[in-house]
Amino acid sequence: MPRSQPRSPIAPPRSFIWTRRVVLTVLAAFALLPVYVMVSSSLKPLQDVAGKFQWFPTNLTIRPYFDIWKTVPLAKYFVNSLIVAGSATVLSVVIAVFAAYAVSRYRFRGKRVFTVTVLSTQMFPGILFLLPLFLIFVNIGNSTGVELYGSRGGLILTYLTFSLPFSIWMLIGYFDSIPRELDEAAMVDGCGPIRALFRVVVPAAVPGIVAVAVYAFMTAWGEVLFASVMTNDATRTLAVGLQGYATQNDVYWNQIMAASLVVSVPVVVGFLLLQRYLVAGLTAGAVK
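Computed from a predicted model, the values in this text were never measured in an experiment.

A.B. asks: How should the overall build of the chain be read in this particular structure?
C.D. replies: Scanning the chain for helices and strands turns up 14 helices and zero strands. Helices (α) and strands (β) of the chain occur, in sequence order from the N terminus, as α-α-α-α-α-α-α-α-α-α-α-α-α-α. Here the chain has a C-alpha radius of gyration of 25 Å; the compact-globule value for 288 residues is 19 Å, and the former is much larger. Reported as C-alpha extents along the three principal axes, the dimensions of the chain are approximately 80 × 70 × 35 Å.

Below, the structure is given as structure tokens:
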């Protein structure tokens, strides 16, 4: 008998195609409009930015990109943000990998209570922990001499309280999707639990780990509330340091826009490089 030809997919109506194009174009313009305002404002002299907004400026200059490093110590804030966000990301990923692997692969008393407690921490607003953390850091400094308030270490611990619960919960779901037979096969070949984790489970869970790392980094990189309270002049981060462009006499709008673009470069570049891992990790964790 002759083979039946596969049915060709039914083409959507032409009106639907044009409607989709119009809707996507409007959404793209809505999303790109703030970016255009930032870029155009960062290339204008201050007097042009302070006046009526010009959609098509003619007097362009790149001087604001040089002045942003002189008006405020932006380089110091940049280093502080990299240290704090990078350390919080590494610690969050390492702790979450071990915790999620233990919950996913082993049975122990209090396992369900632990997972529910980790998830329940996401129900509370972050500002609820501001005063308790401030008092804890101050009391630790007064009693032990370990200065957590106003230090990078204290800010790293603060960001761990936000990123770690979500990281653990997400990796639990991702590790559950990896067949246990891979662990058993590795142990038959002579691997212990830790070696099986790093030789088998972690390579298979790279998309989920990358998604957790990006989430932890972005949480620490752009956070303002806790950074404005828990830091001083020496440990101030970029998100708080941008306020330095607003003085009592004037607001350097062109430098603020230029500095905002410079601050967003690491996040945008990292997202573009890790996009395929991020999408796969978030999808797998959500499906699980």
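So much for the structure itself; the text now carries on.
A.B. asks: Would you explain the packing of aromatic side chains in this entry?
C.D. replies: Centre distance and the angle of the planes are the two values used to describe a pair of aromatic rings. Scanning the entire structure with this criterion turns up eight aromatic pairs. Centroid distance Phe-162 to Phe-226: 5.0 Å. Interplanar angle 65 degrees. Geometry classified as edge-to-face. Residue Phe-162 is found in helix α7 (residues 152-176), and its partner Phe-226 is found in helix α11 (residues 225-230); the two are separated by 64 residues along the sequence. Residue classification places Phe-162 among the buried positions, given a relative accessible area of 17%. The exposure class of Phe-226 is buried, given its relative accessible area of 2%. Taking the centre distance of 4.3 Å and the plane angle of 45 degrees together, the rings of Phe-166 and Tyr-215 count as tilted. Placement of Phe-166 in helix α7 and of Tyr-215 in helix α10 (residues 206-221) is noted, with a sequence separation of 49 residues between them. For Phe-166, a relative accessible area of 27% corresponds to the partly exposed category. An aromatic cluster of at least three residues, connected via ring pairs, comprises Phe-78, Phe-217 and Trp-221. Stacked on the ring of Trp-18, the Lys or Arg Arg-21 has its end atom at 4.9 Å from the ring centre.

A.B. asks: What exactly am I supposed to notice about the pattern of salt bridges here?
C.D. replies: Opposite charge on two side chains makes pairing possible when the charged atoms of those side chains draw close. One pass over the structure, following the stated rule, counts two salt bridges. Ionic pairing is found between Asp-67 and Arg-63, a salt bridge with its closest N-O pair at 3.5 Å. Remark: Arg-63 and Asp-67 occur in helix α3 (residues 63-71); sequence separation between them is four residues, near one turn of the helix. Under the relative-accessibility criterion, Asp-67 is labelled buried at 16%. For Arg-63, a relative accessible area of 54% corresponds to the exposed category. In this structure, Asp-233 and Arg-236 form a salt bridge, with 2.8 Å as the shortest nitrogen-oxygen distance.

A.B. asks: Just to check I follow, could you spell out α10 for this structure?
C.D. replies: Along an α-helix, residues three or four apart share an orientation, since each turn contains 3.6 residues. Taking 1.5 Å as the rise per residue, α10 with 16 residues should run 22 Å; its terminal C-alpha atoms sit 22 Å apart, in good agreement. Those residues of α10 not exposed but buried are Pro-207, Gly-208, Ile-209, Val-210, Ala-211, Val-212, Val-214, Ala-216, Phe-217, Ala-220 and Trp-221.

A.B. asks: Just to check I follow, could you spell out the side chain of Thr-89 for this structure?
C.D. replies: As for its position among the elements, Thr-89 is in helix α4 (residues 74-105). A polar contact of 3.3 Å, which involves the side chain of Thr-89, links it to the backbone nitrogen of Phe-217.

A.B. asks: Whenever I open this one, the confidence of the model for the chain confuses me. Can you help?
C.D. replies: Low pLDDT means the predicted atomic positions in that stretch should not be read closely. On average, the chain scores 81 in pLDDT, and the residues at 70 or more come to 90%. Taking the mean pLDDT of every element in the chain, the minimum, 55, falls on helix α14 (residues 275-287) and the maximum, 89, on α4.

A.B. asks: Hey, could you run me through the environment of Tyr-159 in this one?
C.D. replies: Residue placement: Tyr-159 occurs in helix α7. Judged by relative accessible area, which is 1%, Tyr-159 ranks as buried. Expressed as a C-alpha distance, the spacing of Tyr-159 and Ala-227, which sit 68 residues apart in the sequence, is 9.6 Å. Sequence-distant contacts of Tyr-159, defined by excluding residues within four places in its chain, comprise Val-84, Ala-88, Ala-220, Glu-223 and Ala-227. One polar contact links Tyr-159 to Glu-223, side chain to side chain, over a distance of 2.9 Å.

What counts and what doesn't
Residues numbered from 1 in each chain as written. Predicted model: local features only at pLDDT ≥ 70, side-chain atom pairs only at ≥ 80, totals over all residues. Heavy atoms only, no water. Helix = DSSP H or I, 4+ residues; strand = E, 2+ residues; numbered from the N terminus. Rg over C-alpha atoms; globule rule 2.2 N^0.38 Å. Phe/Tyr/Trp six-rings, centres within 6.5 Å; stacked < 30°, edge-to-face > 60°. Buried < 20%, exposed > 50% of the residue type's maximum accessible area, 1.4 Å probe, protein only. Lys NZ or Arg CZ within 6 Å of the ring centre and 35° of its normal. Salt bridge = Lys/Arg side-chain N within 4 Å of Asp/Glu carboxyl O. Expected span 1.5 Å × (residues − 1). Polar contact = N/O pair within 3.5 Å; in protein donor to acceptor, adjacent residues only side chain to side chain. pLDDT = per-residue confidence, 0-100. Contact = heavy atoms within 4.5 Å.

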